[in-house]
Amino acid sequence: MDLDLKDVLEFLQTVARSIGAEVTSPWFYLQLGLVLSGAGIAFAASAAVRARIDLTSLAMGWPGPLRQLLRVLLESVATVVFVILMRIARTGMVLWTWPSRSYLLAIALKLALAWLVIRLITSVIRSTFIVQIVSISAWLVAALSIIGQLDNVVDALDSVSVVLGGLRLTPLLVIKLGVLLLAVLWLTNVASNFVESRITRSTDLTPSIQVLLIKMVRMGLMILGIAIAISAVGINLSALAIFSGAAGVGIGLGLQRIVANFVAGIILLADKSVKPGDLVTIGDSSGRISAMNTRYISVAAGDGREFLIPNEDLVTQKVTNWTYTDKNTLVKVNFGTNYDADPRVVCKLSTDIAAEIPRTLKSKAPNCLLTEFTEAGMKFSLTCWIADPGYMDSVKSEVMLSLWEAFKREGIRVPYPVRELRIRGGALPVETTVEVPTG
């Protein structure tokens, strides 16, 4: 660590003496009073303006950027009023006395004006968290520059360093890298969203190819942006070899499943075995694929639940894709009748019922087969086709309800097990009670 403690102590002593000399001056308290009064008036004016203006009704029908700018202006009313009041007070002090006696008003004016400009510039950013980070960081830099201490702070941050494998790390380097990474990631996110909107509008690409292209673009832009940010702060990428080796060891020890899921996700997107909108069954989980991510897919069940299944499971386990090549699905209904019914009449009746169900395909006629003679009755198998496998259970229920109503109307009985109990020889023991008279 190359740190000169003597220079730091001398700097702190100089600052302390300057502050002490200013605090003892009566002009300091006059300026401080004007600053506090201006802040109070500004907050009161802001509250009055917000109470009288309804942003929703005022900006109705405006474009999104203009609504955002108006919202920022309403939130910054206090700052605008404070800037105006400080400008008036500063002008009055300059005309009334020496300019050096209004330095505090000038600092307050510049700080408020810098904050106002920064908030207007950052109004184009939608993320509230990023807006706060960027605004505070930029205002701190502007404040240090206004009071003339930016160069001293920069030198102090650059004087402390730690050397790791030929790489000199300083607080200043870390701050610069963090700011650049934040800016680069925001820009890559904006660019990725733009490219994603273009890709999703394309009708020539399948859903799985669209997802694959979007993931590749996002990953490529992020890697490119991080490399640019690291190079911009003066870090040689070859100096990061030690960290890449550590990352490789970490992947080998504890990140195998994460990497496996990532690679499996790329494979799934490339081979088109599943895609968003497919109806799949994976183990005990069934539903429609709502999203495909780099680590897992989201399967939405019909009851409101959503299964998050790792991509590795789709590659290594058996997956039933009901809509892989054709969405047409066969619905099978098994039922039985007693021997009093005519099987040909039962087959004709059941196929007519299935054909009348609204969701069954008219291009593929239903079919009914007599499959078995049992001691309880005859067994039949009714099949029909539907265009969407998501309605399989509901169509099956409709067919069975219609069969039940038709059987009752035609007098066709459904067999049910009947058991007879016969007792041969002897008699069942009967418990008897003998009353003995008393007295």
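Residues numbered from 1 in each chain as written. Predicted model: local features only at pLDDT ≥ 70, side-chain atom pairs only at ≥ 80, totals over all residues. Heavy atoms only, no water.

The next thing to look at is the pairing of strand β10 (residues 378-386). Among the 9 residues that make up β10, 7 are buried, leaving the element largely enclosed by the rest of the structure. The pairing of strand β8 (residues 329-337) with β10 spans 9 bridges and is antiparallel. Residue Thr-329 lies in a different strand from β10, and its bridge partner there is Ile-386. Sheet analysis places strand β9 (residues 367-373) next to β10, joined by 6 bridges and oriented antiparallel. Residue pairing in the sheet places Leu-370 in a bridge with Phe-380 of β10. (Buried < 20%, exposed > 50% of the residue type's maximum accessible area, 1.4 Å probe, protein only. Helix = DSSP H or I, 4+ residues; strand = E, 2+ residues; numbered from the N terminus. Pairing = 2+ DSSP bridges.)

On to the sheet that holds β10. Spatial ordering of the open sheet is given by β8-β10-β9, a layout of 3 strands whose pairing is antiparallel. Bordering the open sheet on either side are β8 and β9, each of which pairs with just one other strand. Averaged over neighbouring strand pairs, the angle between their axes works out to 25° when direction is ignored. Each of β8, β9 and β10 touches helix α14 (residues 343-356); the most contacted strand, β10, lies at about 25° to it. (Axes fitted to C-alpha atoms, helices over the stretch in contact; angles between N-to-C directions. Contact = heavy atoms within 4.5 Å.)

Turning our attention to the UniProt feature "transmembrane region" (unreviewed entry) in the chain. Residues given the UniProt feature "transmembrane region" (unreviewed entry) here are residues 27-49, 69-89, 101-122, 129-150, 170-195, 216-243 and 249-270. Between the first and last C-alpha atoms of residues 69-89 the distance is 28 Å; the span itself is 95% helix and 0% strand. As annotated, residues 129-150 has a helix share of 86% and a strand share of 0%, and its two end C-alpha atoms lie 25 Å apart. (UniProt positions renumbered as here; feature names shortened; annotations may be inferred.)

Residues Phe-335, Val-346, Phe-380, Leu-382, Val-399, Leu-403 and Phe-407 are the most contacted members of the largest nonpolar core, which totals 22 residues. Sorting the residues of this core by element identifies β8, α14, β10 and α15 (392-410) as the ones contributing at least two each. Excluding its chain neighbours within four sequence positions, the residues that come into contact with Phe-380 are Val-333, Asn-334, Phe-335, Thr-337, Pro-343, Val-346, Cys-347, Cys-368, Leu-369, Leu-370 and Thr-371. One finds Leu-268, Ile-282, Ile-297 and Val-299 within the second-largest nonpolar core, a separate group that totals 13 residues. (Core = buried A, V, L, I, M, F, W, Y, C linked by side-chain atoms within 4.5 Å.)

The full count for this structure, using the stated rule, is 4 aromatic pairs. Here Trp-115 and Trp-139 contribute two aromatic rings whose centre-to-centre distance is 6.4 Å and whose plane-to-plane angle is 90°, an arrangement assigned as edge-to-face. Of the two residues, Trp-115 is situated in helix α6 (residues 103-121) and Trp-139 in helix α7 (residues 128-146); the sequence distance between them amounts to 24 residues. Here Trp-115 falls in the partly exposed class, since its relative accessible area comes to 28%. Measuring from centroid to centroid gives 5.8 Å for Phe-335 and Phe-407, while their planes differ by 50°, and the two rings are tilted. Taken as a pair, Phe-335 in strand β8 and Phe-407 in helix α15 lie far apart in primary sequence, 72 residues in all. Ring pairs connect the aromatic residues Phe-335, Phe-380 and Phe-407, which therefore count as one cluster. Here the guanidinium or amino end of Arg-359 rests over the ring plane of Tyr-391, the centre of that ring lying 3.6 Å away. (Phe/Tyr/Trp six-rings, centres within 6.5 Å; stacked < 30°, edge-to-face > 60°. Lys NZ or Arg CZ within 6 Å of the ring centre and 35° of its normal.)

With that settled, consider the environment of Leu-73. As for its placement among the helices and strands, Leu-73 is situated in helix α4 (residues 64-75). Spatially, the C-alpha atom of Leu-73 lies 9.5 Å from that of Ser-123, the residues being 50 residues apart in sequence.

This part takes up the layout of surface pockets. There is about 520 Å³ of room inside the largest pocket. Contributing to the lining of the largest pocket are 21 residues, with Ser-137, Ala-138, Val-141, Ile-175 and Val-179 lying nearest its centre. Sorting the residues of the lining of the largest pocket by element identifies α7, α8 (150-159) and α9 (171-201) as the ones contributing at least two each. Looking at the lining of the largest pocket residue by residue, the class counts come to 18 nonpolar, 2 polar and 1 charged. (1 Å grid on protein atoms, 1.4 Å probe; cavity = no way out; pocket = protein on both sides within 12 Å on 5 of 7 lines; lining within 4 Å. Points joined across faces, edges and corners; volume = space filled by probe spheres on them. Nonpolar A, V, L, I, M, F, W, Y, C, P; charged D, E, K, R; others polar.)

We now examine the sheet that holds strand β3 (residues 279-282). The strand order β6-β5-β4-β3-β7 describes an open sheet built from 5 strands, whose pairing is antiparallel. Two strands close off the open sheet at either side, each with one partner strand: β6 (306-310) and β7 (319-321). Each neighbouring strand pair of the sheet contributes to a mean axis angle of 40°, computed without reference to strand direction. Sheet topology places strand β4 (residues 285-292) next to strand β5 (residues 296-300); 4 bridges connect them, and they run antiparallel. The residue of β5 that forms the bridge with Arg-288 is Ala-300.

Here we take up α14. When the terminal C-alpha atoms of α14 are compared, their 20 Å separation across 14 residues agrees well with the 20 Å that a helix rising 1.5 Å per residue should span. All of the buried residues in α14 are Val-346, Cys-347, Leu-349, Ser-350, Thr-351, Ile-353 and Ala-354. Each element contacted by the buried residues of α14 is listed here: β8, β9, β10 and α15. You can read the cap of α14 off the contacts: a side-chain oxygen lies 3.1 Å from the backbone nitrogen of Arg-344, and it is on Asp-342. (Expected span 1.5 Å × (residues − 1). Polar contact = N/O pair within 3.5 Å; in protein donor to acceptor, adjacent residues only side chain to side chain.)

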